[in-house]
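Commentary on secondary and tertiary structure
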Amino acid sequence: MTATLITGISELVTCDPSQGDGSPLGIVRDAALVIEGERVAWVGEALRAPAADACVDLGGHAVIPGFVDSHTHLVFAGERSVEWAARMAGEPYTGGGIATTVAATRAASPEELREHTRALVAQMHAQGTTTIEIKSGYGLDVAHEARILEVAREFTDETTFLGAHVVPPEYAHDREAYVDLVCGEMLQACAPLSRWIDVFCDTGAFDEAETRRVLSAGVKMGLGVRLHGNQLEAGPGVRIAVEFGAASVDHCNHLSDDDIDALAASDVVATLLPGADFSTRAPYADGRRLLDAGVTVAIATDCNPGSAYVTSMPLCIAVAVRDMGLTPAEALYAATRGGAQALRRDDIGSLSVGVSADFAVLDAPSHLHLAYRPGSSLVAQTWRRGARV
Ligand code: NIG
Ligand code: FE
């Protein structure tokens with residue numbers, strides 16, 4: 001197998017505290033990396049680098065692990081800019097617009113969905129993202145939920161069945177029948193296409209009993225649990241996530257002290273979605289409070305046409321630093337290693353021997369520039385599984 005030595009790295013962020021400066025970011029200065037095939041084979045100071053078959057000199061840039069975007073709704077059709085503009089003029093976000101995207105998504109062909117998803121994935125890659133989780137949830141019938149997951153699987157192994165996103169209009173007068181469908185025929189069709197199950201457990205979506213039913217059915221089918229919780233109001237989401245041993249509970253805008261204590265005592269990751277809070281004018285989730293309590297935090301885009309039409313992890317990092325109380329180092333860790341933890345993966349989100357060679361080269365000398373220069377195109381190169389994207 002060809003070994004490629006990558007040098008000219010002014011600052012290498014490994015997200016492995018056993019390396020470099022010993023901080024959580026494990027920063028190595030004047031560093032080098034060796035990649036063999038899809039994996040990292042060596043990491044350290046350039047002076048000590050082993051010989052390799054080929055060499056790439058980056059000429060003095062910061063290198064970070066590829067971003068792990070652990071929460072997206074990437075397979076959809078249409079857009080909701082008018083709804084967004086009304087929000088900016090003071091309308092609240094309720095999730096009511098989901099039905100608009102469901103209608104557009106049902107009307108789209110698989111080819112249209114595939115090409116649209118491909119374009120969004122390309123935007124994400126160009127901004128340093130190397131792993132993307134994708135949820136269903138804009139089909140809300142058996143055939144369309146399965147179709148969304150089939151398209152999603154062309155782009156990622158991290159697919160999530162979100163049949164319990166909202167109750168679709170045709171079941172508005174019989175919620176129970178819709179939950180029966182989700183737990184029955186829809187789950188049978190979608191579980192083989194999914195790694196995870198998710199429920200939007202919130203006001204206007206699904207209540208505690210419904211959420212428990214859907215998650216229990218998913219667990220029986222062998223799916224891992226993640227949850228949309230505590231976005232619009234305080235509620236049972238975090239409690240249920242902890243009880244089910246979820247990998248992650250996402251949004252976390254309205255948390256009680258008990259919620260925070262329960263998260264801190266568990267290994268459930270709290271995933272913050274800065275793009276959603278930004279684009280819905282929601283009160284920002286209090287990342288500082290979570291981190292101070294000892295909770296593991298991830299950051300993801302939540303990319304979707306309603307609450308967060310955002311593909312940029314660097315933007316999410318900048319907002320998390322500016323408005324959620326994270327330090328630049330904590331935000332970068334949350335967007336890489338934190339995302340990997342939210343997906344229960346240890347082969348991504350860091351740069352150490354044996355992991356997937358997924359990284360971004362910044363057009364900057366240090367990772368600080370990600371939050372310091374919001375809106376700049378700082379990602380000069382993205383490498384995924386040992387090859388430049
Ligand atoms: O994570 N909150 C629920 N679902 C999405 C938004 C979906 C939409 O508005 O289309 C979210 O924010
Ligand atoms: Fe979401």
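What comes next concerns the included structure. Only a predicted model underlies this, so the values are computations on that prediction, with no experimental measurement involved.

Quick word on the pattern of salt bridges
If charged atoms from side chains of opposite charge come close, those side chains can pair. In total, this model carries 24 salt bridges according to the counting rule given. R80 is the partner of E83 in a salt bridge, and the nearest nitrogen-oxygen pair spans 2.7 Å. For E83, a relative accessible area of 23% gives the class partly exposed.

A closer look at the sheet that holds strand β7 (residues 134–135)
If you walk across this open sheet you meet the 7 strands as β7-β8-β9-β10-β11-β12-β13, and the pairing is parallel. Among the strands making up the open sheet, the edge pair consists of β7 and β13 (297–299). Relative to strand β9 (residues 196–201), strand β8 (residues 159–164) is paired through 3 bridges, and the arrangement is parallel. By the bridge assignment for β9, T160 is matched with W196. Running over the sheet, helix α4 (residues 142–153) touches β7 and β8 and is turned about 165° from β8. Sheet strands touched by helix α6 (residues 208–220): β8, β9 and β10 (224–229). Its angle to β9, the strand with the most contacts, is close to 180°.

Details of the state of the cysteines
Tallied over the entire structure, the rule returns 0 disulfides. No disulfide involves C201; its sulfur sits 12 Å from that of C252, the nearest cysteine. Counting only cysteine sulfurs, C303 is the nearest neighbor of C316, a cysteine outside any disulfide, at a range of 9.4 Å. Its relative accessible area of 1% is what places C316 among the buried residues.

What about the layout of surface pockets?
By volume, the largest pocket amounts to about 270 Å³. In terms of lining, the largest pocket is formed by 19 residues, of which the most central are T130, T131, R345, R384 and R385. Among the secondary structure elements, those contributing two or more residues to the lining of the largest pocket are α3 (110–126) and β6 (129–132).

Observations concerning the coordination of the iron ion (ligand 2)
Summarising the metal site, the iron ion (ligand 2) is bound by the protein donors H71 (NE2), H73 (NE2), H228 (NE2) and D302 (OD), whose distances to it range over 2.0 to 2.3 Å. Mapping the donors of the iron ion (ligand 2) onto the primary sequence yields the spacing H-x1-H-x154-H-x73-D. On the criterion of sequence distance, the pair formed by H73 in the loop between β5 (67–69) and α1 (81–88) and H228 in strand β10 is long-range, its members being 155 residues apart. Taking relative accessible area as the criterion, H73 reaches 2% and is therefore assigned buried.

Section: the side chain of H369
For H369, the location among the structural elements is in helix α14 (residues 369–372). A relative accessible area of 16% means that H369 is categorised as buried. Beyond its immediate stretch of four places on either side in the chain, H369 contacts A364 and L378.

Section: the packing of α4 against helix α5 (residues 175–190)
Orientation of α4 relative to α5, taken along the N-to-C sense of each, is 40°, at an axis distance of 9 Å. As far as their axial angle goes, α5 and α4 are oblique. Seen along the crossing, α4 lies across α5 with a hand that is right-handed. Within the contact between the two elements, α4 uses V142, E145, A146 and L149 and α5 uses L181, E185, M186, A189 and C190.

Some thoughts on α6
With 13 residues, α6 extends 18 Å between its outermost C-alpha atoms, agreeing within 8% with the 18 Å of an ideal straight helix rising 1.5 Å per residue. All of the buried residues along α6 are E210, T211, V214, L215, A217 and G218. Relative to the axis of α6, the buried residues are bounded by an arc of 160° and lie together on one face. Among the exposed residues of α6, those pointing more than 90 degrees away from its buried face are A209 and K220. For α6, the elements touching its buried residues are β8, α5, β9, β10 and α7 (237–243). With a side-chain oxygen lying 3.2 Å from the backbone nitrogen of A209, the N-terminal cap of α6 falls on D207. Looking one or two residues past α6, G222 carries a phi angle of roughly 90°, positive in sign.

Notes on the environment of P192
Locating P192 in the fold gives a position in the loop between α5 and β9. The sequence separation of P192 and F161 amounts to 31 residues, and the corresponding C-alpha distance is 9.9 Å. For P192, the contacting residues outside a window of four places in its chain are R153 and L187.

Rules and cut-offs
Residues numbered from 1 in each chain as written. Chains lettered and ligands numbered in written order. Predicted model: local features only at pLDDT ≥ 70, side-chain atom pairs only at ≥ 80, totals over all residues. Heavy atoms only, no water. Salt bridge = Lys/Arg side-chain N within 4 Å of Asp/Glu carboxyl O. Buried < 20%, exposed > 50% of the residue type's maximum accessible area, 1.4 Å probe, protein only. Pairing = 2+ DSSP bridges. Helix = DSSP H or I, 4+ residues; strand = E, 2+ residues; numbered from the N terminus. Contact = heavy atoms within 4.5 Å. Axes fitted to C-alpha atoms, helices over the stretch in contact; angles between N-to-C directions. Disulfide = S-S within 2.5 Å. 1 Å grid on protein atoms, 1.4 Å probe; cavity = no way out; pocket = protein on both sides within 12 Å on 5 of 7 lines; lining within 4 Å. Points joined across faces, edges and corners; volume = space filled by probe spheres on them. Donors = N, O, S within 2.8 Å, 3.2 Å for Na, K, Ca; no water. Parallel < 35°, antiparallel > 145°, perpendicular 65-115°, else oblique. Left-handed = near helix turned anticlockwise from the far one by under 90°. Expected span 1.5 Å × (residues − 1). Arc of directions from axis to C-beta. Polar contact = N/O pair within 3.5 Å; in protein donor to acceptor, adjacent residues only side chain to side chain.

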